[in-house]
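Residue strings, one per chain:
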Amino acid sequence: MLVDIQNLKIGFKSRTGFHQAVKGVSLKLGTEKLGIVGESGSGKSLTARALMKLLPTQTVIEADKLEFDGIDIRSASEKQMRTIRGKRAGFILQDPKYSLNPVKTVGSQVAEAWRTHKGGSKRAALEAAINLLEMVKIRDPKKVAASYPHEVSGGMGQRVMIAMMLAPDPELLIADEPTSALDATVQAEILRLIEELVSERGMGLLLISHDLPLVSHFCDRVAVMYAGHVMEELKASDLLSAQHPYTRGLLNCMPSLMHPKERLPVLTRDPEWLK
Amino acid sequence: MTIEIDNLRISFVGREVVKGVSFNVAKGASFGIVGESGSGKSTVLRAMAGLNNDWSGRIAFSGEDAPLFRPPAFFRKVQMVFQDPYGSLHPRQTIDRILSELPLVHGMDNIDDRIAKVLSAVALPQTARFRYPHQLSGGQRQRVAIARALIAEPEVLLLDEPTSALDVSVQAEILNLLADLRAERNLTYVMVSHNLSVITHLCTEVGVMIDGHMVEQVTAEDLRLGNVNHAHTRELRSLSVELEEPA
């Protein structure tokens, strides 16, 4: 088991009291594609960040089990974490505009990721970077490698981020809303690319998104989160016929091109769900 | 208010980004513009709203040509709602202050009454009035942005991706609100979005833009049935249809 989370609780101390954001989440992930969906504030990103120990120090994290490939994350030192982050588990964030260094060329950033984890000369790293850019289907990798982040489009920027994450051959890829900042056409391309690379390399994928239909097309399993709880976990192919009223509510309130609705049903939240 | 756009061209420092766009919207109708980022759809909308004074061609409301620089009275008739409710409200002003800006500028009377009315029109509690934007949720903020547009008692609302920053559950509420307001007040909508299902939900006619050209205008019904001509329209449609079908 690559990831094993049991009864994870994440809370924040604030001036006025204590806020529990994640309230007992259990997830398991092997070499498969797991999607986490839910509205904003449901705790999906926090769960992924807790797994990489990327939360601020004042965060209160409790769990019965929080393991990455048998390593206990709760007691892992920063040094140990550094051998996991990037090297064994890559993290792709939402907006490439804010994740890339604006004053370094794209190629040198990918090469840096390669060199940090694999060593070797600068020239070898740059060559490897160009190969990686080619692997994420960038047409003119040499030219793109020499350009700065502001000179490439959003979709291209996200490909660069993926190339950078692939450099150390990680076992797990965590993608936190990797396509929400992109156009519909580019969105599908990027997800297809992630899916291909993950299957080819036998990696695990944790895809976090608020877009249910998108996740159902690109994942094997889906966990639906609401207010810090996992409402239900089901096979992605069954998502559109989900039974839980929350999942059904989310699916129903989406407008549809093929099945027009006079009026969109509004989600009614039931306090019973949280019991 | 009928809207006529004829051969609209817009350039930024010599680079043409809108290359001759024409379309008409009847009074009380709603027209949608779809396209990818960089296709020029928001630029068209901003020029219509009078936020860009450097365009050529013809923009006419109710048959009257809009001048390059709009008179103040124009903004009573045409209002715009922006994409990001987090960025479009002043963070240091209360909702009351935000909503009273326009009536003050235009010397309207009974400002207090108007604010109370417009808050209930967008289904916000009266208690929201003396809150700051950061104390409201994303959906509530978008309601404030819509209220700010409505307080001018406009006839045309220009909507720039009004729901793309919101969760689907909140998106449904805002889309319902927009549909109700249009029916109640006989408003004319022009809406920009990259999401075909959102556009076809609210609009009866859709213009597809790519690279500064409006390559096709099609009714929502024809789009649904697949009676489209341009390759780009077909691509956008098939992506949208594919996602709706079970995997």
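No experiment lies behind these values; they were computed from the predicted model shown.

About the cut-offs
Residues numbered from 1 in each chain as written. Chains lettered and ligands numbered in written order. Predicted model: local features only at pLDDT ≥ 70, side-chain atom pairs only at ≥ 80, totals over all residues. Heavy atoms only, no water. Helix = DSSP H or I, 4+ residues; strand = E, 2+ residues; numbered from the N terminus. Rg over C-alpha atoms; globule rule 2.2 N^0.38 Å. Buried < 20%, exposed > 50% of the residue type's maximum accessible area, 1.4 Å probe, protein only. Areas by Shrake-Rupley, 256 points an atom, 1.4 Å probe, with all protein chains shown as cover. Lys, Arg positive; Asp, Glu negative; His and termini not counted. Charge placed at Lys NZ, Arg CZ, Asp CG, Glu CD. Pairing = 2+ DSSP bridges. Phe/Tyr/Trp six-rings, centres within 6.5 Å; stacked < 30°, edge-to-face > 60°. Salt bridge = Lys/Arg side-chain N within 4 Å of Asp/Glu carboxyl O. UniProt positions renumbered as here; feature names shortened; annotations may be inferred. Axes fitted to C-alpha atoms, helices over the stretch in contact; angles between N-to-C directions. Parallel < 35°, antiparallel > 145°, perpendicular 65-115°, else oblique. Left-handed = near helix turned anticlockwise from the far one by under 90°. Contact = heavy atoms within 4.5 Å. Polar contact = N/O pair within 3.5 Å; in protein donor to acceptor, adjacent residues only side chain to side chain.

Brief notes about the overall build of chain B
Broken down by element type, chain B carries nine helices and ten strands. Taken over C-alpha atoms, the radius of gyration comes to 18 Å for chain B, in line with the 18 Å a tight globule of 247 residues would show. With the C-alpha coordinates of chain B rotated into their principal frame, the extents come out at 50 × 50 × 35 Å. When burial is assessed residue by residue, chain B has 53% of its 247 residues classed as buried. Per element, the accessible surface of chain B, about 10,500 Å² overall, is 48% carbon and sulfur. Distance from the positive charge centre (24 side chains) to the negative charge centre (30 side chains) of chain B: 6 Å.

Describing the pairing of strand 7 (residues 156-160) of chain B
On any regular strand, side chains alternate: one points to one face of the sheet, the next to the other face. All names here are of chain B. Along strand 7, five of the five residues are buried, which leaves the element largely enclosed by surrounding structure. Burial along strand 7 is two-sided: the residues V156, L158 and D160 and L157 and L159 are all buried. Sheet analysis places strand 6 (residues 78-81) next to strand 7, joined by four bridges and oriented parallel. The partner of V81 across the bridge, within strand 7, is L159. Of the strand pairs in this sheet, strand 7 and strand 8 (residues 188-193) are connected by five bridges, and their pairing is parallel. Bridging from a neighbouring strand, L157 pairs with Y189 of strand 8.

So, the packing of aromatic side chains
All names here are of chain A. In total, this model carries six aromatic pairs over all chains according to the counting rule given. Consider the rings of Y226 and Y246, whose centres lie 4.5 Å apart with planes at 35°: the pair is tilted. Placement of the pair is Y226 in strand 10 (residues 221-226) and Y246 in helix 10 (residues 245-252), with a sequence separation of 20 residues. Across the pair, Y246 and Y226 agree in class, each one buried.

Some thoughts on the pattern of salt bridges
This structure, assessed with the given rule, holds 28 salt bridges over all chains. One salt-bridge network, held together by shared partners, links E32, R221 and E233 of chain A.

Let's talk about the UniProt feature "domain: ABC transporter" (unreviewed entry) in chain A
Sequence positions flagged by UniProt for "domain: ABC transporter" (unreviewed entry) are, in local numbering, residues 5-252 of chain A. As a span, residues 5-252 of chain A carries 39% helix and 27% strand, and end to end its C-alpha atoms are 30 Å apart.

Describing the packing of helix 7 (residues 154-166) of chain A against helix 8 (residues 184-201) of chain A
All names here are of chain A. As a packed pair, helix 7 and helix 8 sit with axes 10 Å apart at the nearest point and diverge in direction by 15°. Regarding the angle of helix 7 to helix 8, the classification is roughly parallel. Crossing of helix 7 over helix 8 shows right-handed handedness. Mapping the contact onto sequence places G155, Q158, R159, I162 and L166 in helix 7 and V186, E189, I190, L193, I194, L197 and R201 in helix 8.

Remarks on the sheet that holds strand 5 (residues 64-65) of chain B
Residue and element names in this part refer to chain B. Spatial strand order, 2-1-4-5: four strands in an open sheet with antiparallel pairing. Of all strands in the sheet, those with a lone pairing partner are strand 2 (15-25) and strand 5, marking the two edges. Pairing between strand 4 (residues 55-61) and strand 5: two bridges, direction antiparallel. In the sheet register, A60 faces strand 5, and the bridge partner there is D65. Contacting strand 1 (3-12), strand 2 and strand 4, helix 1 (residues 41-49) runs over the sheet at an angle of about 110° to strand 1.

Side note on the interface of chain B and chain A
With 30 residues of chain B in contact, the opposing surface of chain A contributes 29 residues. Counting every contact that joins chain B to chain A gives two salt bridges. With its nearest N and O atoms 3.9 Å apart, the salt bridge here joins E242 of chain B to R192 of chain A. Counting the contacts that link chain B with chain A gives eleven residue pairs in polar contact (both at pLDDT 80 or more). Of all the secondary-structure elements, those providing two or more residues to the side of chain B that touches chain A are helix 6 (168-185), helix 7 (196-202), helix 8 (220-225) and helix 9 (231-244) of chain B. No other element matches helix 9 of chain B, which puts nine residues into the side of chain B that touches chain A.

Observations regarding the UniProt feature "domain: ABC transporter" (unreviewed entry) in chain B
Following the UniProt record, the feature "domain: ABC transporter" (unreviewed entry) maps to residues 3-236 of chain B here. Taken as a whole, residues 3-236 of chain B contains 36% helix and 27% strand, while its terminal C-alpha atoms sit 26 Å from one another.

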